[in-house]
Amino acid sequence: MQLNNGVSFFKILLRDDVDYLPLPPSFAKKYLKNKNQTLILKTKSTVKWSIRYLKIEDRYYFMDGWLKFINDNRLRMGDFLVFWLQSSSIFQVYIYAPNGCLKNPTTSSGNLHRPIHSRVPLFRPLSAINSLSHVAVAGGGKNHKILKKHIVKVEETSDDDTKEGVQQSFRRVVSKTCIHKLAMNKSFVKGLGINGYRSVRLKNEEGKMWEVKVSMYGGEKVPYLTKGWFDFRKDNKIEIGDKCEFNRVKNNLLHVHVLKKKGKPFLKDP
């Protein structure tokens with residue numbers, strides 16, 4: 001697809017603590033044909049970020065990598081972002097503060113450190129919010145502006161984000177095979193839609209968080225916690241014989257409660 005004059009959409013940032021951004025469906029359907037691909041975001045500083053674009057049911061998202069883009073550019077709720085599609089997989093992003101002024105983007109792309117310390121409360125009580133999504137399309141020498149109003153209902157959230165009839169937690173006893181990766185419960189992952197994410201965030205009892213990659217293994221596509229699990233286990237002193245209880249909080253955030261096995265020496269990592 002040739003984009004001579006560019007196409008764009010804007011989003012007002014309603015949350016600065018989640019690794020996904022809902023996209024205007026009309027824009028995604030027309031210009032992002034591949035329903036599962038890696039896209040590039042860049043700012044006027046020319047720094048680039050890789051993120052995942054994914055369709056889940058009838059909704060479209062920027063996912064893995066979006067939270068890193070937020071953190072690296074110090075985005076806050078209320079910031080106004082304009083996304084210009086420069087090619088089939090590259091967006092130029094302009095960031096405006098709530099006062100209407102263009103913000104200076106970061107000049108480097110740092111690493112997402114573990115553990116992740118929340119800068120703001122993870123979940124906020126919000127009433128219903130009306131958001132306005134604007135898609136500006138330029139092409140053929142003539143600008144066509146499509147203004148579409150979306151009513152986004154953001155309900156008050158808590159640590160009890162339950163779905164009726166869906167498994168909300170699972171337990172695993174840590175064995176020698178769980179040092180570097182840990183098998184997750186397939187019903188848990190599929191029923192809560194976690195299989196739509198490439199990573200999850202694990203939160204311990206102190207509220208600290210680690211980002212852990214989710215990988216599929218075998219013909220039956222069993223989900224495993226892989227890259228990042230070793231760090232989480234080591235930092236939280238999880239030993240062989242301990243039992244980990246994983247409880248879904250919201251989206252890809254899991255609270256992990258560790259039940260220690262008594263009378264056993266600490267596991268020495270290889």
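Structure first, text after, so check above.
Just so it is clear, the structure is predicted and the values come from calculations on it, not from any experiment. (Residues numbered from 1 in each chain as written. Predicted model: local features only at pLDDT ≥ 70, side-chain atom pairs only at ≥ 80, totals over all residues. Heavy atoms only, no water.)

## Things to note about the environment of Lys 186
Then, number 1: As for its position among the elements, Lys 186 is in helix H3 (residues 186–191).
Then, number 2: Each C-alpha atom, one on Lys 186 and one on Pro 223, is 6.6 Å from the other, the two residues being 37 residues apart in sequence.
Then, number 3: If we skip the residues at most four places from it in the chain, Lys 186 touches Glu 220, Lys 221, Val 222 and Pro 223. (Helix = DSSP H or I, 4+ residues; strand = E, 2+ residues; numbered from the N terminus. Contact = heavy atoms within 4.5 Å.)

## A few points about the nonpolar core
Then, number 1: Within the largest apolar cluster, 27 residues are counted, with the highest numbers of intra-cluster contacts made by Leu 41, Phe 62, Trp 66, Phe 69, Leu 81, Phe 83 and Phe 91.
Then, number 2: Listing elements by their share of this core, those giving two or more residues are strand E1 (7–12), helix H1 (25–31), strand E3 (36–42), strand E4 (48–56), strand E5 (59–62), helix H2 (66–72), strand E6 (80–85) and strand E7 (90–96).
Then, number 3: Other than its neighbours up to four places away in sequence, Phe 83 contacts Val 7, Ser 8, Phe 9, Lys 11, Leu 21, Leu 41, Phe 62, Trp 66, Phe 91, Gln 92 and Val 93.
Then, number 4: Ranked by size, the runner-up nonpolar core spans 22 residues in total, among them Val 189, Leu 202, Val 214 and Ile 238. (Core = buried A, V, L, I, M, F, W, Y, C linked by side-chain atoms within 4.5 Å. Buried < 20%, exposed > 50% of the residue type's maximum accessible area, 1.4 Å probe, protein only.)

## What to know about the environment of Lys 261
Then, number 1: With respect to the helices and strands, Lys 261 occurs in the segment after strand E16 (253–259).
Then, number 2: Separated by 19 residues in the primary sequence, Lys 261 and Asp 242 place their C-alpha atoms 5.0 Å from one another.
Then, number 3: Other than its neighbours up to four places away in sequence, Lys 261 contacts Gly 241 and Asp 242.

## Quick notes on the sheet that holds strand E11 (residues 182–183)
Then, number 1: Taken together, seven strands build an open sheet; the order of strands is E10-E15-E16-E12-E13-E14-E11 and the sheet is mixed. Of all strands in the sheet, those with a lone pairing partner are strand E10 (169–173) and E11, marking the two edges. (Pairing = 2+ DSSP bridges.)

## Things to note about the state of the cysteines
Then, number 1: If you walk through the whole model with that rule in mind, you get zero disulfides.
Then, number 2: Just so you know, Cys 178 is unpaired, no disulfide at all, and the nearest cysteine sulfur is the one on Cys 244, 8.6 Å from it.
Then, number 3: A relative accessible area of 0% means that Cys 244 is categorised as buried. (Disulfide = S-S within 2.5 Å.)

## A closer look at the packing of aromatic side chains
Then, number 1: As enumerated under the stated definition, the model contains 22 aromatic pairs in all.
Then, number 2: Considering the side-chain rings of Tyr 20 and Tyr 61, the 6.0 Å spacing of their centres and the 80° angle between planes classify their relative orientation as edge-to-face. Taken together, the positions of Tyr 20 in the loop between E1 and strand E2 (21–22) and Tyr 61 in strand E5 put the pair 41 residues apart, joining distant regions of the chain. For the pair shown, Tyr 20 and Tyr 61 are each scored as buried.
Then, number 3: Members of the aromatic cluster, connected to one another through ring pairs, are Phe 9, Phe 27, Tyr 31, Trp 49, Phe 62, Trp 66, Phe 69, Phe 83 and Phe 91.
Then, number 4: Over the aromatic face of Tyr 217 sits the side chain of Lys 181, whose NZ or CZ is 4.2 Å from the ring centroid.
Then, number 5: A cation over a ring is seen here: Lys 181 above Tyr 224, with NZ or CZ 5.0 Å from the ring centre. (Phe/Tyr/Trp six-rings, centres within 6.5 Å; stacked < 30°, edge-to-face > 60°. Lys NZ or Arg CZ within 6 Å of the ring centre and 35° of its normal.)

## Observations concerning unusual backbone geometry
Then, number 1: Positive phi, normally seen in glycine, also occurs at Arg 74, with a value near 55°.
Then, number 2: For Arg 74, the location among the structural elements is in the loop between H2 and E6.
Then, number 3: For Arg 74, a relative accessible area of 57% gives the class exposed.
Then, number 4: Phi at Lys 237 takes a positive value of approximately 55°, unusual for a residue other than glycine.
Then, number 5: Among the secondary structure elements, Lys 237 is positioned in the loop between helix H4 (229–235) and strand E15 (243–250).
Then, number 6: Its relative accessible area of 53% is what places Lys 237 among the exposed residues.

Purely geometric numbers; function is a separate question.
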